[in-house]
Amino acid sequence: MTELGTIGLMDDGDIDLIEACIALSLADRPRGDASRLRHLMQNWAISLQRENAPANGQARALRLAGLIAGDGGFTGDTADYDNPLNADLVAVATRGCGLPIALSILYVALARRVGWRADALSLPGHVLVEVHGGSTPALIDPFEHGSSVTQARAADIARQGGGMPIGGRFPVLGNRQMLVRLISNQASRARLAGDVVRALTLYERLTIVAPQMSALWWERSRLEQRLGRMGAARASLTAMLETTHDPALGARIRTTLAALARSDN
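Just so it is clear, the model here is predicted, and its values are computed rather than measured.

J.: How do you make sense of the packing of helix α3 (residues 35-50) against helix α4 (residues 57-71) when you look at a structure like this?
T.: Packed helices, taken two at a time, are described by the angle between their axes plus the distance between the axes. Relative orientation of the contacting elements α3 and α4 amounts to 145°, with a least axis distance of 11 Å. Between α3 and α4 lies a crossing whose hand is right-handed. Within the contact between the two elements, α3 uses Trp 44, Ser 47 and Leu 48 and α4 uses Arg 63, Leu 64, Leu 67 and Ile 68.

J.: Where do I start with the pairing of strand β3 (residues 118-123) in this structure?
T.: Regular strands have side chains that alternate between both faces of the sheet. Buried residues dominate β3, accounting for six of its six residues. The alternating pattern of β3 places Ala 118, Ala 120 and Ser 122 on one face and Asp 119, Leu 121 and Leu 123 on the opposite face, and all of these are buried. Bridging between β3 and strand β4 (residues 126-131) involves six bridges; their strand directions are antiparallel. Within β4, the residue paired with Ala 118 across the bridge is Val 131. Linkage of β3 to β4, two consecutive antiparallel strands, is achieved through a turn of two residues, within which Gly 125 is found at a positive phi near 75°. Relative to strand β7 (residues 172-173), β3 is paired through two bridges, and the arrangement is antiparallel. The residue bridging Ala 120 from the neighbouring strand is Leu 173, located in β7.

J.: Help me out: how do you make sense of the side chain of Gln 186 in this one?
T.: Note that Gln 186 resides in helix α8 (residues 175-192). According to the relative accessible area criterion, Gln 186 is buried, its value standing at 14%. Sequence-distant contacts of Gln 186, that is, excluding residues within four places in its chain, are made with Asp 28, Pro 84, Ala 87, Arg 198 and Leu 202.

J.: I'm lost on the pairing of β4 in this one. Help?
T.: With respect to burial, β4 is a largely interior element, six of its six residues being buried. In this sheet, strand β5 (residues 138-141) lies alongside β4 in antiparallel orientation, the contact comprising three bridges. Bridge pairing in β5 places Glu 130 opposite Leu 139. Adjacent in sequence and paired antiparallel, β4 and β5 are bridged by six residues, among which Gly 133 carries a positive phi angle near 150°.

J.: Looking at this model, I keep getting lost on the pattern of salt bridges. Mind explaining?
T.: Inspection of every chain in the model, using the stated rule, returns 15 salt bridges. In this structure, the salt-bridge partner of Arg 153 is Asp 156, at a minimum N-O distance of 2.8 Å. You can see Arg 153 and its partner Asp 156 sitting in helix α7 (residues 151-160), three residues apart, about one turn around the helix. Residue class for Asp 156 comes out partly exposed when judged on its relative accessible area of 25%. With its nearest N and O atoms 3.0 Å apart, the salt bridge here joins Glu 224 to Arg 220. Remark: Arg 220 and Glu 224 occur in helix α10 (residues 214-226); sequence separation between them is four residues, near one turn of the helix. You'll find Glu 224 and Arg 220 in the same group, each marked buried. By sharing partners, the salt bridges in this structure join Asp 28, Arg 198 and Arg 205 into a single network.

J.: What should I look at first to understand the side chain of Asp 88 in this one?
T.: Tracing the backbone shows Asp 88 in the loop between β1 (75-76) and α5 (89-95). At a separation of 2.7 Å, a polar atom in the side chain of Asp 88 contacts the side chain of Ser 25. If we skip the residues at most four places from it in the chain, Asp 88 touches Ser 25 and Arg 29.

J.: Sorry if this is basic, but what is going on with the nonpolar core here?
T.: One recurring pattern in soluble globular proteins is that nonpolar side chains are buried together. Ranked by size, the top nonpolar core spans 69 residues in total, and within it Ile 18, Leu 37, Leu 89, Ile 105, Leu 106 and Leu 179 carry the most contacts. Broken down by element, this core gets its largest block of residues, ten residues, from helix α6 (residues 100-113). Not counting residues up to four positions away in its chain, the partners in contact with Leu 179 are Ile 7, Ile 15, Leu 17, Ala 20, Cys 21, Leu 24 and Val 209.

Rules and cut-offs
Residues numbered from 1 in each chain as written. Predicted model: local features only at pLDDT ≥ 70, side-chain atom pairs only at ≥ 80, totals over all residues. Heavy atoms only, no water. Axes fitted to C-alpha atoms, helices over the stretch in contact; angles between N-to-C directions. Helix = DSSP H or I, 4+ residues; strand = E, 2+ residues; numbered from the N terminus. Left-handed = near helix turned anticlockwise from the far one by under 90°. Contact = heavy atoms within 4.5 Å. Buried < 20%, exposed > 50% of the residue type's maximum accessible area, 1.4 Å probe, protein only. Pairing = 2+ DSSP bridges. Salt bridge = Lys/Arg side-chain N within 4 Å of Asp/Glu carboxyl O. Polar contact = N/O pair within 3.5 Å; in protein donor to acceptor, adjacent residues only side chain to side chain. Core = buried A, V, L, I, M, F, W, Y, C linked by side-chain atoms within 4.5 Å.

Spatial relationships are all this shows, so hold off on functional conclusions.
This is the structure in structure tokens:
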């Protein structure tokens with residue numbers, strides 16, 4: 001089992017997405033039972049390994065969707081989208097629904113478990129999965145029951161979210177970036193709800209998982225300041241200063257640290 005505190009020390013490629021998500025879930029619900037999620041992943045992988053492995057991306061994508069969306073019934077939660085459990089993979093395994101990033105992690109993790117290449121693609125407000133094999137990769141939308149997506153449809157989804165692919169390509173999310181997106185979804189909803197304490201808890205978690213992402217420390221410091229935790233806010237800014245190589249950002253951090261020091265006097 002992956003310990004939450006060790007994720008930030010791992011190389012990106014060494015992160016086991018499923019075990020990392022279980023650690024995140026148990027941080028909120030220590031009595032949560034991750035056995036269903038582990039069993040599903042194991043059984044799906046066995047099913048894929050028993051078959052003649054399809055060689056092209058489209059066939060692989062269809063097989064993944066057939067297991068996860070078809071047999072498993074996993075799809076997007078359109079009735080209660082903002083439910084925090086939609087970003088909790090252990091809860092998703094029980095409820096059968098979740099956010100785009102949570103469902104995408106299932107697809108990517110399962111594909112990789114059997115030696116297939118699959119990536120989560122970052123769209124504005126959405127995530128798709130690209131499954132490789134042969135000359136042409138296939139796009140699927142885990143939130144829409146694992147349905148196939150054309151490049152034109154992907155571009156349309158991006159436009160609806162207020163963006164477009166750069167050079168015809170959407171950014172690929174690394175393992176750590178997927179975890180950050182998963183937690184950030186919860187943090188954003190906590191902030192919108194005015195729950196600063198919960199938002200700070202999640203930003204503390206974010207800086208554990210991705211300590212080199214400077215922007216996370218900035219947001220953590222802002223939340224700490226709102227709660228009057230000035231010593232903690234200074235510590236977060238100092239940690240941020242140690243992770244950035246941007247001179248302008250470094251100057252901004254030092255200015256903020258100086259202002260916090262003055263406020264204590």
